[in-house]
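Observations on the three-dimensional arrangement
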Amino acid sequence: MIEISPLRPDDRAGWQPLAVGYNAFYERVLPDADYDRAWNRLMKAEELHGLAARLDGRVIGIAHYLFHASVWFDDVCYLADLFVDETVRGQGVARALIEEVAAVARARGCPRYYWLTQVNNVRARGLYDKVARHVGFIRYDYPMA
């Protein structure tokens, strides 16, 4: 049975390969210092929050999320990262992580819970189209460097 709970300090060894896999999917290679910083922030659970999906005690999926102010609402929830070990995809792990973040956001009173993905992320979009609705927005990134 899949267990979902907040990331724990002893999850680091299981979290790291999934975090690296997530970034590799988006064609990013990050230095170890970035993973150390992210892990430390997740462990503080102040600005960033993390969940682990476990199967037989092994971390098989991760979700990172945050809450932020909105012009029109007090708090909204953003699912920043979601990644599941390739060997267990299609078994409900991603859905369970999405639903757990939804429960946390609902308990906090958030009127909105959202995330982004690439248009060509067909497999993930198949799930997203079942659990949420695409509202038609397109994201632009202004070059800051």
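This text goes with the structure placed above it.
Summarised in this report is the structure supplied together with it. (Residues numbered from 1 in each chain as written. Predicted model: local features only at pLDDT ≥ 70, side-chain atom pairs only at ≥ 80, totals over all residues. Heavy atoms only, no water.)

A regular strand carries its side chains on alternate faces of the sheet. Across the 11 residues that make up strand 3 (residues 58–68), a large majority, 8, are buried. In this structure, strand 2 (residues 48–55) lies alongside strand 3, joined through 8 bridges in antiparallel fashion. Residue pairing across strands places His 49 opposite Tyr 65, the latter belonging to strand 3. Adjacent in sequence and paired antiparallel, strand 2 and strand 3 are bridged by 2 residues, among which Asp 56 carries a positive phi angle near 55°. As paired elements, strand 3 and strand 4 (residues 76–84) share 8 bridges and run antiparallel to each other. Following the sheet pairing, His 64 is matched in strand 4 by Asp 81. (Buried < 20%, exposed > 50% of the residue type's maximum accessible area, 1.4 Å probe, protein only. Helix = DSSP H or I, 4+ residues; strand = E, 2+ residues; numbered from the N terminus. Pairing = 2+ DSSP bridges.)

Within the largest apolar cluster, 22 residues are counted, with the highest numbers of intra-cluster contacts made by Leu 79, Leu 82 and Leu 97. Elements represented by at least two residues in this core include exactly strand 2, strand 3, strand 4, helix 3 (93–108) and helix 4 (122–131). If one sorts the elements of this core by residue count, helix 3 sits on top with 6 residues. When near neighbours in sequence (up to four residues on either side) are disregarded, Leu 82 contacts Tyr 22, Ile 62, Ala 63, Ala 94, Leu 97, Ile 98 and Tyr 128. Counting 13 residues, the second largest nonpolar core, distinct from the first, contains Leu 7, Tyr 22, Val 59 and Ile 62. (Core = buried A, V, L, I, M, F, W, Y, C linked by side-chain atoms within 4.5 Å. Contact = heavy atoms within 4.5 Å.)

Now for the packing of helix 3 against helix 4. Put simply, helix 3 and helix 4 touch, their axes get as near as 11 Å, and they point 45° apart. Between helix 3 and helix 4, the interaxial angle falls into the category oblique. Crossing angle aside, the handedness with which helix 3 passes helix 4 is right-handed. Counted together, Ala 94, Arg 95, Ile 98 and Glu 99 of helix 3 and Leu 127, Tyr 128, Lys 130 and Val 131 of helix 4 form the full contact between these two elements. Here the contact of helix 3 with helix 4 is composed, by residue class, of 5 nonpolar, no polar and 3 charged. (Axes fitted to C-alpha atoms, helices over the stretch in contact; angles between N-to-C directions. Parallel < 35°, antiparallel > 145°, perpendicular 65-115°, else oblique. Left-handed = near helix turned anticlockwise from the far one by under 90°. Nonpolar A, V, L, I, M, F, W, Y, C, P; charged D, E, K, R; others polar.)

All right, on to a nonpolar patch on the surface then. The grouping of Val 71, Trp 72 and Phe 73 at the surface amounts to a nonpolar patch, some 410 Å² of accessible area in total. Tracing the chain through its elements places Phe 73 in the loop between strand 3 and strand 4. On the basis of relative accessibility, which here comes to 31%, the residue Phe 73 falls in the partly exposed class. (Patch = residues over 30% accessible without salt bridge, like charges linked within 9 Å, V, L, I, M, F, W, Y side chains within 5 Å. Areas by Shrake-Rupley, 256 points an atom, 1.4 Å probe, with all protein chains shown as cover. Salt bridge = Lys/Arg side-chain N within 4 Å of Asp/Glu carboxyl O.)

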